[in-house]
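Residue-level structural notes
The chain contents come next:
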Amino acid sequence: MAEIFRVFVEKKEGFDIEAQKMLAHISGYLGIESVRGLRIVNCYDVQGLNSKEFEICVKKVFSEANVDNVYFENLDADGFIFGKALLPGQYDQRADWAALCAQVLTGRLPLISFTKFHIVSGELSEADRASILKHAINPIDSMEVGLEKPKDLEKTAPIPADVASVDMNQDPAEIRKNMGLAMSQEDLAFLRDYFLNEEGRNPTVTEIKMIDTYWSDHCRHTTFHAALERIEFEDGPYKAIFEQTYSEYLAERAQIHADDRPVTLMDLATIGMKILRRDGHLDDLDVSEEVNAASIVIDVDFGDGESEEWLLMFKNETHNHPTEIEPFGGAATCLGGAIRDPLSGRAYVYQAMRVSGAGDPRATQEQTLPGKLPQRLITTQAAAGYSSYGNQIGLATGLVREIYHEDYRAKRMEIGAVIGAVKKEYVVREVPQKGDVVLLIGGRTGRDGIGGATGSSRAHEEKSLSSAGAEVQKGNPITQRKLQRLFRNPEAIRLIIRCNDFGAGGVSVAIGELADSIEINLDNVKKKYEGLDGTELAISESQERMAVVVRAKDVETLIRLAFNENLEAYQVAEITDTGRLVMTWRGKRIVDISREFLNSAGVQQKASVIVANPTVIPAQAGIPPTWLDNLRDLNVAGQKGLIEHFDSTVGAGTVLAPFGGKYQLTPTQAMAARIPVLGREAKTASLMSFGFNPYLSAQSPYHGAVYAVVESIARLVAAGVDYSKIRLSFQEYFEKLTDAKSWGKPFSAILGAFAAQMALKIPSIGGKDSMSGTYEGRYNVPPTLVSFSAAAAPIENIISPEFKRARNNIALIQTPLDENGLPNFEKLRKNFDLLHRLIADKVVISARAIGFGGLAAALSEMSFGNRIGVDVTYLGDFFSVGFGNFVVELGADSPEGLEVIGRTIAEPDLVINDERIAIEECIMAWLEPLEDVFPTGILGEAPVALDLGAP
């Protein structure tokens, strides 16, 4: 047995930032005032090196002499000591990378185990210690360990047993319970009849687990495909508009569909695209059997009379369930999964957005629901996970926004949205033929992520926090970066005729969906460690893997190109012509089923729908706040401390920074980046934004969806986009649907989204749904339909929202509402066209779409970036959300018809109807609510003498 060397590494005083932050957190957030000090010490146990090699690695890998103290073998410390290590089977990035660095230095790859020890001093009670442990160690991915050094890092994995069959003559309820299946009783009966009657045998465990994944809500959208047999609208003031929209849908679907298919949420969600494409409003759609991301054709201009056709791809992806139970890893893999969707379309992903939903992160640990992680812990660790992944890849995160609503305590919302592009001529899409080869490229397979697809389709329970650890994948961003580099190589992607990314369901779905006939050899799938059985190899959702179909003659070429990027690529499957999905392990068939049966997605659910009728849709509930109170509202308050976790400029393509102005304090409402053409500078940019208000959606999902669409489009128009070029993608997130009234919420929301698409002639060409936002059957997320908007535009037309100069006119562009509380869409379209024209003509030099916080928040935030004040006279409502309305700064004489409400001024004040508020006071109020959660340091700074003239 090789000797194990141990080293402890601790940051020197002044560099121990992590320990200082945790100490402040324990004494402040946890309220343990008796704590006196905290040390954090990293421990590395190393096996496979000699003493000299270990000494070299201590100096060059494990520590930095100028900032670290190093101790060998024993840790001399007094106080409450506990170690934190990842659970067996979880990917440990620090240990892995340390081993790789050691290999570079020594030529040998050692075994390394990493533990983080905490030493807490002070008079601590047992309750104090338990509280600290609960905060520091999430049982989903980590465990407490002691100071004892391991005797051997070599782990001998047990030899897995052969895959067994399941006796389908058992009680179906017992099978579901014992196997932890997500499929319904009816699905299980359908499966039993297929195997016993058509196959004449019992299914294997692998087949049942794989089918459970295929038929999960996550993979096959079973809820969205449920037949809606009875649809009723409650009486009330909005019944007529709801029924009118539904009648318009029924009339259109009669023309679109030749058959008598049932009404489903999926049909309602996708029919707008089909109608608008039929009517000539979607000529730029990139039509393909590969539908992992929304894709449109754009012209990329180079300013010299030349242009090229490119595919612009965008995708929104959720990891609500994983982020709820393991915030860092869940949010990290949310971004990773989102990236791989356009990547599978061969697009290079160059910019990301993050939209999340949380309860109040200032709530104490005592206010946390039983069985839940504290909101503060979830929101801070999720931000760290997403930003860590994106920053390591080198992906610019252009827009970050967290939305706060108490009902997200039921389950967090974590959405990653990305945008990518590829020259159209590089993309080859062909139908796989018999003899074609499937290569697996990228990371190896482990137990992480097993059951993630089915787990994310379930409602959350108190026991989920201790029972769902395997469902959270562990991402490796560096492998993802290598995949990005490979897929940016035209020589490589031209060899790929079809591609799928690894996500829910792992090998079984990513490879299984590539063709109708395929045979997969699981013995060829490379593993992170030994001991995995055939079922685990089939359904593991280990990250950073891609499945590609290539012609047999191109296999060696693509393997060589992957090797050049330090990526493993190898054959795992072959296309056949049997009409069956076959998987072999240890030379035996453990899956052999008909593709037709698999594609059936089980028994179609049936449901009834009752659409509730709200009595009133107020612009903003409650008494109108004061100006400063409005800025302190959690959904208006500044999120600068959160946003600064994310790198927004890496890649040098960013057009709009997250904050504008000389003082970097005016938040932008859209992200924009130059199309990443290698060797040339494109004059075309992509833009993306979103829209959603949970409070309005909770009152009426229909109105909430309409205004989500309006807000997402308005934000791009305010940045300079021609609204007719905008394309949408929706994210639905609702409670577990259990009765007709709960079904009425997503139905109402999607009906509203359909109405907005038809009125604006702007189609949604993508989307994602999740119906698992329930905790313990008592708490539900707010009805959520987030609208994402994307488009391309000339860079010269893009503007930012901060006021640019003093003594310019400020105008308000408003859209009136009808009797149903909906915008006058004819006027709204005219306003969109007007604003686009004024921006293109350089008349409008800054613009902001009004939303949370109303006109008051818009004027304030526009003033922050350059400390340019305003003098405004306006007798209307300053605080209503006002979706579809704009504040604009005019750089020239005001065009006729614009409602001028004031002027910008050089003084650092907001003068509102003759009342004066200092901009500095507004900034302090705006930053205050989240300063303790995501510090900016600004509130603690002494006042600075500012140059308040025009910058």
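For clarity, every value in this text was computed on a predicted model and none was experimentally measured.

**A look at the nonpolar core**
Counting 85 residues, the largest nonpolar core has Ile713, Ile726, Phe747 and Phe886 as the members making the most contacts within it. For isoleucine 713, the residues in contact, after removing those within four places along its chain, are Tyr723, Ile726, Leu728, Leu760, Ile762, Ser789 and Phe832. Of all hydrophobic cores here, the second largest spans 61 residues; its members include Ala383, Ile643, Leu859 and Ala925.

**With respect to the packing of aromatic side chains**
Scanning the model with the defined rule gives 29 aromatic pairs in all. Between tyrosine 775 and tyrosine 779, the ring centres sit 6.2 Å apart and the planes meet at 25 degrees, which makes this aromatic pair stacked. What makes tyrosine 775 buried here is its relative accessible area of 2%. Positioned above the aromatic ring of tyrosine 775, the side-chain terminus of lysine 372 is 4.3 Å from the ring centre.

**Some words on empty space enclosed by the protein**
Evaluation of the coordinates by the stated rule reveals 3 cavities of 30 Å³ or more. Looking at the largest cavity, its volume works out to about 310 Å³. As for the largest cavity, its lining consists of 23 residues, and the residues nearest its centre are Arg401, Thr668, Gln669, Arg715 and Arg848. Among the elements of the structure, β11 (396-404), α25 (701-718), β31 (844-849) and α28 (854-864) are those that each provide at least two residues to the lining of the largest cavity. Looking at the lining of the largest cavity, the element that brings in the most residues is β11, giving 5 residues. Looking at the lining of the largest cavity residue by residue, the class counts come to 13 nonpolar, 5 polar and 5 charged. Here the second largest cavity is characterised by a volume of approximately 70 Å³.

**Quick word on a negative patch on the surface**
Together, Asp871, Glu907, Asp914 and Glu915 make up a region of like negative charge exposed at the surface. Note on placement: aspartate 871 falls in strand β32 (residues 869-872).

**Description of the confidence of the model for the protein**
Overall, the predicted model of the protein reaches an average pLDDT of 92, with 95% of residues at or above 70. With pLDDT under 50 throughout, residues 452-458 is counted as low confidence; its partners more than four residues away or in other chains account for 31 contacts. In this model, residues 942-951 is a region of pLDDT below 50 whose contacts with residues beyond four sequence positions or in other chains number 13 contacts.

**Here's the deal with the packing of helix α2 (residues 51-62) against helix α3 (residues 93-106)**
As a packed pair, α2 and α3 sit with axes 10 Å apart at the nearest point and diverge in direction by 125 degrees. Put simply, α2 runs oblique to α3. Seen from above, α2 lies across α3 with right-handed handedness. Contacts between α2 and α3 pair Glu53, Ile56, Cys57, Lys60, Val61 and Phe62 from the former with Ala98, Cys101, Ala102, Leu105 and Thr106 from the latter.

**Observations regarding the sheet that holds strand β23 (residues 671-674)**
Here we have 5 strands laid out as an open sheet, ordered β23-β24-β29-β25-β26, and mixed in their pairing. Edge positions in the sheet fall to β23 and β26 (764-770), since each has one partner strand and no second. Recorded for the sheet is a direction-independent mean angle of 15 degrees between the axes of neighbouring strands. In this sheet, strand β24 (residues 684-691) lies alongside β23 in antiparallel orientation, the contact comprising 4 bridges. For arginine 674, the partnering residue across the bridge sits in β24 and is alanine 685. Docked against the sheet, α25 engages β24, β25 (727-733) and β29 (784-794), running at close to 150 degrees with respect to β24.

**Details of the environment of lysine 315**
Note on placement: lysine 315 falls in strand β9 (residues 307-318). For lysine 315, a relative accessible area of 11% gives the class buried. Considering only alpha carbons, one finds lysine 315 and aspartate 78, 237 residues apart in sequence, at a separation of 51 Å. When residues no more than four places from it in sequence are discounted, the contact partners of lysine 315 are Asn292, Ala293, Ala338, Asp341, Pro342, Gly416, Ala417 and Val418. For lysine 315, the side chain forms a polar contact with the main-chain oxygen of asparagine 292, separated by 3.1 Å.

**Overview of the pattern of salt bridges**
Evaluated as defined, the whole model comprises 65 salt bridges. A salt bridge links glutamate 18 to lysine 116; its shortest N-O distance comes to 2.7 Å. In this pair, glutamate 18 sits in helix α1 (residues 17-28) while lysine 116 sits in strand β5 (residues 111-122), placing the two residues 98 residues apart along the sequence. Lysine 424 is the partner of glutamate 309 in a salt bridge, and the nearest nitrogen-oxygen pair spans 3.8 Å. Here lysine 424 lies in the loop between β12 (413-423) and β13 (437-442) and glutamate 309 lies in strand β9, a separation of 115 residues in the sequence.

**Re the pairing of β5**
Relative to β5, strand β2 (residues 35-47) runs antiparallel, the two being bridged by 12 bridges. Considered in β5, the bridge of asparagine 42 is made with lysine 116. As defined by bridge partners, strand β4 (residues 80-86) adjoins β5 across 5 bridges and the pair is classed as antiparallel. By the bridge assignment, lysine 84 is partnered in β5 with lysine 116.

**Observations regarding the side chain of threonine 815**
Residue placement: threonine 815 occurs in the loop between β30 (809-813) and α27 (825-840). A distance of 3.4 Å separates a polar atom in the side chain of threonine 815 from the backbone oxygen of glycine 884.

**Looking at the side chain of arginine 354**
The residue arginine 354 is located in strand β10 (residues 348-358) in this model. Not counting residues up to four positions away in its chain, the partners in contact with arginine 354 are Ala382, Ala383, Tyr386, Leu399, Val400, Arg401, Glu402, Arg412, Glu414, Ile415, Leu642 and Phe646.

**Description of the packing of α25 against helix α26 (residues 740-760)**
At a closest axis distance of 7 Å, the pairing of α25 and α26 adopts a crossing angle of 40 degrees. Classified by the interaxial angle, the pair formed by α25 and α26 is oblique. Handedness of the crossing formed by α25 with α26: right-handed. Contacts from Pro701, Tyr702, Ala705, Val706, Val709 and Ile713 of α25 reach α26 at Lys745, Ser748, Ala749, Leu751, Gly752, Ala753, Ala755, Ala756 and Leu760.

**A short note on α27**
Each turn of an α-helix holds 3.6 residues, which means side chains three or four residues apart point in the same direction. Compared with an ideal rise of 1.5 Å per residue, which puts 16 residues at 22 Å, α27 spans 22 Å between its outermost C-alpha atoms and is within 8% of the ideal. All of the buried residues in α27 are Phe825, Leu828, Asn831, Phe832, Leu835, Leu838 and Ile839. Axial view of α27: buried residues confined to an arc of 145 degrees, hence all on one face. Those residues of α27 that are buried lie in contact with α25, α26, β30, β31 and β33 (886-890). Its side-chain oxygen at 3.2 Å from the backbone nitrogen of glutamate 826, asparagine 824 defines the N-terminal cap of α27. Of the residues flanking the end of α27, it is lysine 842, one or two places downstream, whose phi is positive at about 65 degrees.

**What to know about the sheet that holds β10**
Taken in spatial order, the 5 strands make up an open sheet running β8-β9-β12-β10-β11, and their pairing is mixed. With one partner strand each, in any of the chains shown, β8 (294-301) and β11 form the two edges of the open sheet. Each strand axis lies, on average, 20 degrees off the axis of its neighbour in the sheet, ignoring direction. Relative to β9, β8 is paired through 8 bridges, and the arrangement is antiparallel.

**Thoughts on α1**
Taking 1.5 Å per residue as the helical rise, α1 with its 12 residues ought to reach 16 Å, and the 16 Å between its terminal C-alpha atoms agrees with that figure. For α1, the full list of buried residues reads Ala19, Met22, His25 and Ile26. One side of α1 carries all its buried residues, which in axial view fall inside an arc of 125 degrees. Elements in contact with the buried residues of α1: β2, β5, α4 (126-136) and α13 (375-393).

Cut-offs used in this document
Residues numbered from 1 in each chain as written. Predicted model: local features only at pLDDT ≥ 70, side-chain atom pairs only at ≥ 80, totals over all residues. Heavy atoms only, no water. Core = buried A, V, L, I, M, F, W, Y, C linked by side-chain atoms within 4.5 Å. Buried < 20%, exposed > 50% of the residue type's maximum accessible area, 1.4 Å probe, protein only. Contact = heavy atoms within 4.5 Å. Phe/Tyr/Trp six-rings, centres within 6.5 Å; stacked < 30°, edge-to-face > 60°. Lys NZ or Arg CZ within 6 Å of the ring centre and 35° of its normal. 1 Å grid on protein atoms, 1.4 Å probe; cavity = no way out; pocket = protein on both sides within 12 Å on 5 of 7 lines; lining within 4 Å. Points joined across faces, edges and corners; volume = space filled by probe spheres on them. Helix = DSSP H or I, 4+ residues; strand = E, 2+ residues; numbered from the N terminus. Nonpolar A, V, L, I, M, F, W, Y, C, P; charged D, E, K, R; others polar. Patch = residues over 30% accessible without salt bridge, like charges linked within 9 Å, V, L, I, M, F, W, Y side chains within 5 Å. Areas by Shrake-Rupley, 256 points an atom, 1.4 Å probe, with all protein chains shown as cover. Salt bridge = Lys/Arg side-chain N within 4 Å of Asp/Glu carboxyl O. Lys, Arg positive; Asp, Glu negative; His and termini not counted. Charge placed at Lys NZ, Arg CZ, Asp CG, Glu CD. pLDDT = per-residue confidence, 0-100. Axes fitted to C-alpha atoms, helices over the stretch in contact; angles between N-to-C directions. Parallel < 35°, antiparallel > 145°, perpendicular 65-115°, else oblique. Left-handed = near helix turned anticlockwise from the far one by under 90°. Pairing = 2+ DSSP bridges. Polar contact = N/O pair within 3.5 Å; in protein donor to acceptor, adjacent residues only side chain to side chain. Expected span 1.5 Å × (residues − 1). Arc of directions from axis to C-beta.

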